[in-house]
Each structure stands twice: as structure tokens, then as C-alpha cells.
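# Tertiary structure, described
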Amino acid sequence: QKMPPSLPATINIREPRWDQSTFQGRAKHFFMVTDPRNLLLSGATLEEARRVVEDYRAGTIQPGLTEDQLWRAKYIYDSAFHPDTGEKMILVGRMSAQVPMNMTITGCMLTFYRTTPAVLFWQWVNQSFNAIVNYTNRSGDAPITPSQLGTAYVSATTGAVVTALGLKSLTKHLPALIGRYVPFAAVAAANCINIPLMRQRELKLGIPVTDENGNRLGESTAAAQKAIFQVVVSRIGMAAPAMAIPPVIMNMLEKRAFLKRYPYLNAPLQVGLVGLCLVFATPLCCALFPQKSSMPVSSLEPEVQDQIRKKDPWLETVYFNKGL
């Protein structure tokens, strides 16, 4: 029996498998990253994936390992272990938990939007979840201090609740369908507060910018502003279909005899519709912008431009990690 050909040691598993300069390539990558099935993997499976990845990076290739198995191990490893520290991430903070967690929270926010205590409770739950996600996926180069985490958490929760309650009072005399969009407005407002606050250190000190080969050229606050803007747009985009489509469907269903006869099906139906939207919206909105984003050197701060010109006078574009 012929042995399978040995796997080359030159596959770059530090980068995604698919071409990240195209939307299709980025979408394929994020469908893998956000796959909720990764949450069901056992500790032994995660440790085996870690071993395969670390061995391969060290130049040791397990006998019979195929390229598909290597990439599968890489995506399992990436789904559970922090890219900078190598520590196993909190389960609910992983990107693979985004769909089931957001599905439940968003479904409940859309279902229980009529009373003030319900609005307060579900906005608080949502921002608590966001705080865990932002902490779990923090950058190793820019650790978040407990005070920054607390400030971002309190500010985002307050912003979301104030927006939700303010809009709720304004929509009292408007059609019921308009009132259903109050949770989305609150979530959008919270994202605009939460993400910049969570990454305030980057806005003050800048994020690393590199050339095409990954050589570090300096830190730029202009790059940080662009990165955070792109993440805010992606996060609001993720929430939009799940919070815009189900209210229209539920508004129609609630007028029919079926839901009047079985009102207890309201919440499960809402959660299911939200989940269906999120399965596609989460990876597709993550893929709106390349993870390794770029900008012209001429758009950077003057002092950073001078610093780069001394190293490479002809360089026109720099790259940076936008975060998630």
C-alpha cells in the first residue's frame, strides 16, 4: 500500500486558508471561525488540535497528516485558544459562541420589549455578554485593565438603557412595529460607545502598522481610528438583519389566529428567526473588511509618516490588524 505524500513544511497556518483580499475568501474564513459546532468539541479534541498546530509550527509533521486535517486543526485551535497568550478562552466569549448567545439574547430583547423592567434586564444581559466577548478577544499587545473594562461596561450599559427607554417613551403613540425597533437602536448606540471605550488604549497610543511582509514600522492612532470604525460598522451590521427582519414577520404572525391560540410560541419563534439571520449575518459582516486592513502612508499622522519614510522612502501602503 502506497503511503500518502508527506506534507510540506511551508504551509502558512498563521494566516487564513482563503484569499483575504476577496469578500468570498473572507466569508469562507469567518464561516469557519464562527461555526457554533466548535463549542461542542471535547477538551481532548481541542488539545489534539493544539498539539498538531504547535508541532507543525515547530517543524514536526505527524505521519499521515493531510493538508485538510492540518487546516481543520488550525481552525479548531483558533476557535478556542487566544492568539497572543495561547490560553484557552472563556467558552461564552469565543467567536463560535456568537450565534447561539446572540440568538438567545436578541430573541429575548425583541420579545420582551414592552415593559421597562424587561428592557433594563435584557440590555444589561446584552452588555454583560459584550464585555465578556471584548475581554476574551482582547489584544495581547494592549491588555485591558479592570478599570477600563469596568468603565466600558458601565458606559455601554447606561448608553443602551438610556437609548432604549428614551426611544420607548417616544414610540408610545406610534405603530407597534416601530416600537419593535427600539432594541436595535439601543444595541447600535451601545456598540458606538462600548467598542471605542474597550479599545481606548489603542486610540491614545496607536496600533502597530507593518509593511506587506509584517515588519513593524511604528504605532498609529489614525490606523486605530479606522480599525475601530470598521469593527463598529461590522458589529452594527451583524445585529441589523436579526433585529430588523424578525419584527416584521412576528408583527404579521401576531395578527393571525395561530399565535393568539398559542402565545407561548412567541419567544421560541422569535429566537429561531433571529438565529437563522445570525448564522449568515455574523460571518458575512465580519467579512465586510479584511482582518489585515490597510491604508496609505499619506493618511497617517505626520510624525509616523516621517518615521516610516526614514525606514522606507518608497513605501505607499501600511497594514494593521483591525480586531474583531
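Source: prediction; values computed, not measured.

Rules used throughout
- Residues numbered from 1 in each chain as written.
- Predicted model: local features only at pLDDT ≥ 70, side-chain atom pairs only at ≥ 80, totals over all residues.
- Heavy atoms only, no water.
- Domains from an automatic or database assignment.
- Contact = heavy atoms within 4.5 Å.
- Buried area = accessible area lost by both parts, 1.4 Å probe.
- UniProt positions renumbered as here; feature names shortened; annotations may be inferred.
- Helix = DSSP H or I, 4+ residues; strand = E, 2+ residues; numbered from the N terminus.
- 1 Å grid on protein atoms, 1.4 Å probe; cavity = no way out; pocket = protein on both sides within 12 Å on 5 of 7 lines; lining within 4 Å.
- Points joined across faces, edges and corners; volume = space filled by probe spheres on them.
- Nonpolar A, V, L, I, M, F, W, Y, C, P; charged D, E, K, R; others polar.
- Axes fitted to C-alpha atoms, helices over the stretch in contact; angles between N-to-C directions.
- Parallel < 35°, antiparallel > 145°, perpendicular 65-115°, else oblique.
- Left-handed = near helix turned anticlockwise from the far one by under 90°.
- Phe/Tyr/Trp six-rings, centres within 6.5 Å; stacked < 30°, edge-to-face > 60°.
- Buried < 20%, exposed > 50% of the residue type's maximum accessible area, 1.4 Å probe, protein only.

## Things to note about the domain arrangement of the protein
Split by domain assignment, the protein resolves into domain 1 (23–88) and domain 2 (95–321). Taking the mean C-alpha position of each, domain 1 and domain 2 sit 25 Å from one another. Facing the 14 residues of domain 1 at the interface are 22 residues of domain 2. When domain 1 packs against domain 2, close to 1400 Å² is buried across both sides, 69% of that on carbon and sulfur atoms.

## Overview of the UniProt feature "transmembrane region" (unreviewed entry) in the protein
UniProt's feature table lists "transmembrane region" (unreviewed entry) at residues 227–249 and 269–289, given in the numbering used throughout. Note that residues 227–249 is 100% helix and 0% strand, and that its end C-alpha atoms are spaced 35 Å apart. Along residues 269–289 the backbone is 86% helical and 0% strand, and the end-to-end C-alpha distance reaches 32 Å.

## Here's the deal with empty space enclosed by the protein
Under the criterion given, the structure shown has 2 cavities of 30 Å³ or more. The computed volume of the largest cavity comes to approximately 220 Å³. Lining the largest cavity are 17 residues, and of these Asn102, Asn130, Val187, Arg235 and Ala239 lie nearest its centre. Residue assignment for the lining of the largest cavity shows that the elements contributing at least two residues are α4 (98–111), α5 (116–136), α8 (182–198), α10 (221–253) and α12 (266–286). The greatest single-element share of the lining of the largest cavity, amounting to 5 residues, is contributed by α10. Of the residues that constitute the lining of the largest cavity, the class distribution is 9 nonpolar, 7 polar and 1 charged.

## A few points about the packing of helix α6 (residues 146–170) against α8
Close contact between α6 and α8 brings their axes to 8 Å; oriented N to C, the two are set at 160°. The angle between the axes of α6 and α8 places the two elements in the roughly antiparallel class. α8 is crossed by α6, and the crossing has right-handed handedness. Where α6 abuts α8, its residues Leu149, Thr151, Ala152, Ser155, Ala156, Gly159, Ala160, Thr163, Ala164, Leu167 and Lys168 lie against Val182, Ala185, Ala186, Ala189, Ala190, Ile193, Asn194, Leu197 and Met198. Each residue belonging to the contact of α6 with α8 can be placed in one class, and the counts come to 14 nonpolar, 5 polar and 1 charged.

## Quick notes on the layout of surface pockets
Quantified by volume, the second largest pocket comes out at close to 240 Å³. Around the second largest pocket, the lining is made up of 18 residues, and of these Tyr113, Arg114, Lys168, Thr171 and Gly179 lie nearest the centre. Counting residues per element, the ones that place at least two in the lining of the second largest pocket are α5, α6, α7 (176–179) and α8. At 4 residues, α5 tops the list of elements feeding residues into the lining of the second largest pocket. Partitioning the lining of the second largest pocket into residue classes produces 12 nonpolar, 3 polar and 3 charged.

## Considerations on the packing of helix α2 (residues 43–57) against helix α3 (residues 67–80)
Where α2 meets α3, the closest approach of the two axes is 8 Å, and the angle between their N-to-C directions is 115°. Both α2 and α3 take part in a crossing whose hand is left-handed. In contact with Thr45, Leu46, Ala49, Arg50, Val52, Val53, Glu54, Tyr56 and Arg57 of α2, α3 contributes Leu70, Ala73, Lys74, Ile76, Tyr77 and Ala80. Split into classes, the residues belonging to the contact of α2 with α3 amount to 10 nonpolar, 1 polar and 4 charged.

## Observations concerning the packing of aromatic side chains
In this structure the tally under the stated criterion is 5 aromatic pairs. Centre to centre, the rings of Phe31 and Phe280 are 6.5 Å apart; their planes meet at 75°, and the pair counts as edge-to-face. Of this pair, Phe31 sits in helix α1 (residues 23–33) while Phe280 is found in helix α12, placing the two residues 249 residues apart along the sequence. Residue Phe31 is classed as partly exposed on the basis of its relative accessible area of 35%. Taking relative accessible area as the criterion, Phe280 reaches 45% and is therefore assigned partly exposed. Between Tyr77 and Phe81 the ring centres are 5.2 Å apart and the planes differ by 25°, which places this aromatic pair in the stacked class. The pair formed by Tyr77 and Phe81 is uniform in burial state, with each residue classed as buried.

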